[in-house]
Amino acid sequence: LAKTTQPISMDSYEGQEVNITCSHNNIATNDYITWYQQFPSQGPRFIIQGYKTKVTNEVASLFIPADRKSSTLSLPRVSLSDTAVYYCLVGDSGGSYIPTFGRGTSLIVHP
Amino acid sequence: GAGVSQSPSNKVTEKGKDVELRCDPISGHTALYWYRQSLGQGLEFLIYFQGNSAPDKSGLPSDRFSAERTGGSVSTLTIQRTQQEDSAVYLCASSLQGTLQETQYFGPGTRLLVL
């Protein structure tokens, strides 16, 4: 199972774009990259998933370079409500099923 | 439809007592996970159930921890002879088939405090 490394914390201000990068140097060919968001006192929830290049949904964008050894979650124009912990998870569709969430990145958005 | 539910939402117990935590997964989801999250920490995998297969208990921290899943649906996590270091939020998640490509749907968690 590919190990991931993320910054422990980040600070931003309302209206700014936030980019959180996750390193996964030993990602396997079949591994997908999934990001979860966790608000205080809640369980994590799915944000976005990708395999390569770029994925965009109504919440975020996910950028994955050609070598797939890292990925960047991009949150456009953050608001106070985006203050949360963001987890990067790497895994495949048929192999290991034991997830490793790590400590995630704690994002604090300031007014 | 209904999401993953957990009960109780909060539990305060005394050291040495046994506790049972319950998880109701999303109907039709064959995979169920239990995690533990200590204050300021990430999610620690505890145990995984998939269909009728034997559960993967590799994440359980000690033999005081056990879990069962009856009828492929509801799951109970039991902690015997609780210790203060067991204080944490216990999260349950379910997914359709249990691969890491799938979205895991989490419950709100049970906050356990051992005095």
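Please refer to the structure placed before this passage.
Residues numbered from 1 in each chain as written. Chains lettered and ligands numbered in written order. Predicted model: local features only at pLDDT ≥ 70, side-chain atom pairs only at ≥ 80, totals over all residues. Heavy atoms only, no water.

Caption draft 1: Spotlight on the overall build of chain A. Per the secondary structure count, chain A includes 0 helices and 9 strands. Going from N to C terminus, chain A has its helices and strands arranged as β-β-β-β-β-β-β-β-β. Radius of gyration (C-alpha) of chain A: 13 Å, near the 13 Å computed for a compact globule of 111 residues. Projected onto the principal axes, the alpha-carbon positions of chain A cover approximately 40 × 30 × 20 Å. Relative to its full complement of 111 residues, chain A shows a buried share of 43%. Considering only contacts within chain A whose residues lie at least 6 apart along the sequence, 56% involve residues at least 24 apart. (Helix = DSSP H or I, 4+ residues; strand = E, 2+ residues; numbered from the N terminus. Rg over C-alpha atoms; globule rule 2.2 N^0.38 Å. Buried < 20%, exposed > 50% of the residue type's maximum accessible area, 1.4 Å probe, protein only. Contact = heavy atoms within 4.5 Å.)

Caption draft 2: How the structure looks around the overall build of chain B. A count of helices and strands for chain B gives 0 helices and 10 strands. The secondary structure elements of chain B, listed N-terminal to C-terminal, are β-β-β-β-β-β-β-β-β-β. Once the C-alpha set of chain B is aligned to its principal axes, its extents read approximately 35 × 25 × 25 Å. The burial tally for chain B puts 50% of its 115 residues in the buried class.

Caption draft 3: Highlighting the interface of chain B and chain A. Listed by partner, the interface residues are 23 residues for chain B and 23 residues for chain A. Of the roughly 1800 Å² buried where chain B meets chain A, counting both sides, 55% is carbon and sulfur surface. Taken as a group, Leu43, Leu100 and Gln101 of chain B account for 37% of the area that chain B buries against chain A, more than any other trio of residues on that side. Where the side of chain B that touches chain A is concerned, the elements lending two or more residues are β4 (31–37) and β5 (44–50) of chain B. Among the elements that take part in the side of chain B that touches chain A, β4 of chain B stands out by supplying 3 residues, more than any other. Of the residues in the side of chain B that touches chain A, the class split is 9 nonpolar, 11 polar and 3 charged. (Buried area = accessible area lost by both parts, 1.4 Å probe. Nonpolar A, V, L, I, M, F, W, Y, C, P; charged D, E, K, R; others polar.)

Caption draft 4: Seen up close, the pairing of strand β5 (residues 53–56) of chain A. Residues and elements named next belong to chain A. Where β5 lies against strand β6 (residues 61–64), 4 bridges are found, and the strand directions are antiparallel. Its bridge partner lying in β6, Lys54 is registered against Phe63. Between β5 and β6, which pair antiparallel and follow one another directly, the connecting turn spans 4 residues. (Pairing = 2+ DSSP bridges.)

Caption draft 5: Inspection of the environment of Leu75 of chain A at higher detail. Residue and element names in this part refer to chain A. On the secondary structure map, Leu75 appears in strand β7 (residues 70–75). For the pair Leu75 and Tyr86, spaced 11 residues apart in sequence, the C-alpha separation works out to 11 Å. Setting aside its immediate chain neighbours within four residues, Leu75 contacts Gln16, Glu17, Val18, Val59, Ala60, Tyr86 and Leu107.

Caption draft 6: Main features of the sheet that holds strand β3 (residues 19–24) of chain B. All names here are of chain B. Read from one edge to the other, the open sheet built from 4 strands follows the order β1-β3-β7-β6, with strand pairing classed as antiparallel. Only two strands of the sheet have a single neighbouring strand rather than two, namely β1 (5–7) and β6 (65–69). The average angle at which neighbouring strand axes cross in this sheet is 15°, direction not considered. Strand direction decides the pairing type here: β3 and strand β7 (residues 75–79), joined by 5 bridges, are antiparallel. (Axes fitted to C-alpha atoms, helices over the stretch in contact; angles between N-to-C directions.)

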